[in-house]
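Below are the chains, spelled out letter by letter.
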Amino acid sequence: MVNILGYATIFIFLGQLVLGGTNLSEEVLAQDKKVIKIGFYPDDLFYYFDDNGKRMGYYYDLMELISKSTGIEYEYVDISLDSAIENLKNNEIDLVFGAGKTPEREKEFIYSKYYIGIDSMGVYTNDPNIKFGHIDALKGLTYGYINILSFQQFADILDSFDISVKREQVSSLDELSLMLKNNEIDFTLASSTDQKFQKFNKIYEISVGPVYMMSTKENEDVMKKIDSFFEDSTSREKIEDLYSSYFNDYKKQSEIYLLLFVLVFFTGIGFVIYKVIIKMENGVSCRQLKEQINNNQFIVYYQPIIDFKKHKIIACEALLRKKDGDKVLSPAFFLNDIYELDLMEEMTLWVLSQILKDFEEIKANTKDLDEEFYISMNVSFKELASSTFIDEVKRILKDVDLTKVKLCFEIVERYQLEDREFMNGIIAELRQLGIQIAIDDFGVEYSNLDILDKIEYDVIKLDKHFIDEIQSSQIRKETVLFIGRIIEHNNRKMVMEGVEYPEQLDSLIKLYPGSVYIQGYLYSPPIGIESIKTFTIPEIEVIENKKD
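Residues numbered from 1 in each chain as written. Predicted model: local features only at pLDDT ≥ 70, side-chain atom pairs only at ≥ 80, totals over all residues. Heavy atoms only, no water.

Novice: Before we go on, may I ask you to explain the side chain of Thr-366 in this structure?
Specialist: Looking at where Thr-366 falls in the secondary structure, it is placed in the loop between helix H12 (344-365) and strand S18 (369-379). Overall, the relative accessible area of 9% leaves Thr-366 in the buried class. Within the structure, Thr-366 has its side chain in polar contact with the backbone oxygen of Ile-362 (distance 2.9 Å). For Thr-366, the residues in contact, after removing those within four places along its chain, are Ile-313, Ile-532, Lys-533 and Phe-535. (Helix = DSSP H or I, 4+ residues; strand = E, 2+ residues; numbered from the N terminus. Buried < 20%, exposed > 50% of the residue type's maximum accessible area, 1.4 Å probe, protein only. Polar contact = N/O pair within 3.5 Å; in protein donor to acceptor, adjacent residues only side chain to side chain. Contact = heavy atoms within 4.5 Å.)

Below is the structure:
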C-alpha cells in the first residue's frame, strides 16, 4: 500500500555566470538536491526481492519510469506494510505506493491525481471444505490481519454480517502465509495475484477500490511533477504496458468480484444489502474513455423539475448519457467503467463544464422558466471531501457569475457522516460561492430524519420509494406530510422524485399544502438540450377538491 514522491534537482547557473563559468562546488550542488525516500515493503508482484536480493516489482518499475521522465531522485527505505502511515507521519519516508483514500487521510496527506492500480483481495483459508462465497463459515475462526485499510474494511464486512471472529495481528504478508500454513490462523486476506496464497482455499474476492501514491503535504511540488508524468500520453501508454506485463496473466485466470455495500437506513430502522457483481469484463481503458469524452460521445440530458402551483420550470437535473450510434445509453451501460477507472471526479467536472456551456442557451430559449431557475447535478460525498475536486470546481467557476448561473449540487453517494464538521465546512464554502446543496434520495440512502440537523442543505429530494403507491399507503402519506412540514418550517424546498402518474400527483397536491416541485416521467423524461429548449409544460388535470 504505498505512494509516490519526488523532488527534481535544481541547477544554479547564476553563480557560474558571476564567476565567469567557474564550476560550482559539489557541496553547493548537494544542498540543492533532495533525494526522495520511498517506503519499500514486500508485497507479491508490487514489491519483491529476486533470488539475488535485487529489488523488483510493478511499483519499482513504475518509479523508474517516473524518475527518468521527471528527474526525481529517490532511494528506498525498507519498512513493514503496517508501519507505512506512521513512517510518513514521522518523516522517515516521503512517499508510499498503493495507498487507499479516506477523508481522514486526505486531511493529513496528499495523493497522486491518478490511481496506480485496483486493489483486489482474496479471502484465503486453510480449510478446504469451505465453499466459495460462504463467509458465514468463518464464524468463530481466527482472522490473521495487518493493521492497514483493506484488512480493516474486511473486518467491517464480518461485523456487518454478525460474523464474530478471533483476531491475530501481524506485520507482514510473509508472516500471514506462514501462520496460515502452520494452522496458527484460520483465514486472512491477500492480493489475488500473490502466489504465496494460491495453495490455500480462496473463498471470496473483493475489490477495495483504486490505490494511489501518497505523500506529506510538504512534497506538493513533487506530486505535481508525478501528476504531469501521468498526464503525458506517451507515459500513459508505458504505464499501461507495464501494468499489463505484471497482471495480465492474473486477469486471464481470474474473475473480478466487486463487493458493493449499500447501507440503507430510515427512521432508525437499518439493514444492509450486499451485492457481488461477478465477471466485470470487457471494460475500457482510461485512454479509451478519455477519447470518448473528447469525441463527444458523452452528452448531458436534462430532466425538468416543475413547480405545479406556479406552472413554472423551477429547475432541471443534469444527467449523464452516452451516444452509441443512433442509441443514447443510460449510466447503467457505462458507469461501472468510469468507477473502475477512477475517473468519476473527472467526469463530474466535465458535466459541470457542460452545464455552464448550456445554461445561457437554456435560459434564453426555454419557455416557462421560473426566475429562480437552477440546474442541479450529482456530486458524491467522496468528491466533496477531495481538496483536488473542490479546487477544480473553484477554478472552473472562477469567472462565472453565480447570481445569474444558478447551480445546485445533489449529494448522492452513500456515506457515513463520521466528520460532519469537516463536511459542513466544505458545504458552507460551496454555498458561499452561490451553489445550492440538495440531499438526493432522501429517506433511503441516509440514516434518519436527524440528517436534517447534521448537514446544511437547500433542497430535499424525496425518494421515489415514497411516491410509489402513495395513493393507497397511509404510512407513505403521513411520512411525506411529516417531512414536508419540517422542510417548510426550515424554509427549504422539497422535490418529489419519480412521479409518473396523474393519480400520484393528485395525491401529493391534496396531501401537501406547500410548494410542490415535481420531477418525473409524468412531465418529461430526461431530454437533450435541443428538446429542453422547445419543452412546454404539459397540462396535467388533477381533482384538488376531491377527498382521499
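Novice: Can you walk me through the pairing of strand S20 (residues 435-442) in this structure?
Specialist: Looking along a regular strand, one sees the side chains alternate between the two faces of the sheet. Across the eight residues of S20, seven count as buried, placing the element largely inside the fold. Here strand S19 (residues 407-411) runs beside S20; their pairing, made up of five bridges, is parallel. Bridging across to S20, Cys-408 finds its partner in Gln-436. (Pairing = 2+ DSSP bridges.)

Novice: Please explain the confidence of the model for the protein chain as it appears in this structure.
Specialist: Reading predicted coordinates in detail is not appropriate for stretches of low pLDDT. Residues at a pLDDT of 70 or more form 80% of the protein chain, whose mean pLDDT is 78. A low-confidence stretch, residues 1-32 stays under pLDDT 50, and its non-local contacts, those more than four residues away or across chains, total 85 contacts. Note on residues 249-283: pLDDT is under 50 here. Beyond four places in sequence and across chains, it has 82 contacts. (pLDDT = per-residue confidence, 0-100.)

Novice: I would appreciate a short explanation of the pattern of salt bridges in the present structure.
Specialist: Pairs may arise between side chains of opposite charge once their charged atoms sit close together. For the structure on display, the rule yields 18 salt bridges. Ionic pairing is found between Asp-159 and Arg-167, a salt bridge with its closest N-O pair at 3.2 Å. Taking the relative accessible area as the measure of exposure, Asp-159 reaches 45% and is therefore partly exposed. Residue Arg-167 is classed as partly exposed on the basis of its relative accessible area of 42%. For Glu-497, the salt bridge goes to Lys-461, with nearest N and O atoms at 3.6 Å. Here Glu-497 is found in strand S22 (residues 493-497), whereas its partner Lys-461 is found in strand S21 (residues 459-462), with 36 residues between them in sequence. Residues Glu-497 and Lys-461 agree in their burial class; the two are buried. Taken together, the shared-partner salt bridges in this structure form one network comprising Glu-317, Glu-410, Lys-461 and Glu-497. (Salt bridge = Lys/Arg side-chain N within 4 Å of Asp/Glu carboxyl O.)

Novice: What is the right way to look at H12 in this model?
Specialist: At 3.6 residues per turn, the α-helix brings residues three or four places apart onto the same side. An ideal rise of 1.5 Å per residue puts 32 Å on 22 residues; H12 measures up with 31 Å between its terminal C-alpha atoms. Where H12 bends most, at Asp-358, the angle is about 35°. Within H12, the full set of buried residues consists of Met-347, Thr-348, Leu-349, Trp-350, Val-351, Leu-352, Gln-354, Ile-355, Asp-358, Phe-359 and Ile-362. (Expected span 1.5 Å × (residues − 1). Bend = angle between axes of the 7 residues up to and from the residue.)

Novice: I tried to follow the environment of Phe-187 on my own but got confused; where do I start?
Specialist: Mapped onto the fold, Phe-187 is located in strand S11 (residues 187-191). Judged by its relative accessible area of 0%, Phe-187 falls in the buried class. Taking C-alpha positions, Phe-187 is 9.0 Å from Leu-176, a pair spaced 11 residues apart along the chain. Non-local contacts of Phe-187, meaning those with residues more than four positions away in its chain, are made with Val-123, Tyr-124, Thr-125, Leu-138, Leu-141, Thr-142, Tyr-143, Gly-144, Phe-154, Leu-158, Val-165 and Leu-180.

Novice: So what exactly am I meant to see when it comes to the environment of Tyr-204 here?
Specialist: Tracing the backbone shows Tyr-204 in strand S12 (residues 201-216). Overall, the relative accessible area of 11% leaves Tyr-204 in the buried class. For the pair Tyr-204 and Ile-135, spaced 69 residues apart in sequence, the C-alpha separation works out to 7.4 Å.

Novice: What is the right way to read the packing of aromatic side chains from this model?
Specialist: The description of an aromatic ring pair uses the distance of the two centres, along with the angle that the planes make with each other. Under the counting rule described, the total for this entry stands at 23 aromatic pairs. With 6.4 Å between their ring centres and 25° between their planes, Tyr-143 and Phe-151 make a pair best called stacked. One exposure class covers both Tyr-143 and Phe-151, and it is buried. Residues Tyr-143 and Phe-154 carry aromatic rings whose centres are separated by 5.9 Å and whose planes lie at 70° to one another, so their mutual orientation is edge-to-face. Taken together, the positions of Tyr-143 in strand S9 (residues 142-146) and Phe-154 in helix H6 (residues 149-160) put the pair 11 residues apart, joining distant regions of the chain. Looking at Phe-154, the relative accessible area reads 0%, which means it is buried. Linked through ring pairs, Phe-40, Tyr-41, Phe-46, Tyr-47, Phe-49, Tyr-58, Tyr-59, Tyr-60, Tyr-74, Tyr-76 and Phe-97 together constitute an aromatic cluster. In this arrangement the basic side chain of Arg-55 is found over the ring face of Phe-40, its NZ or CZ atom lying 4.5 Å from the centre. (Phe/Tyr/Trp six-rings, centres within 6.5 Å; stacked < 30°, edge-to-face > 60°. Lys NZ or Arg CZ within 6 Å of the ring centre and 35° of its normal.)

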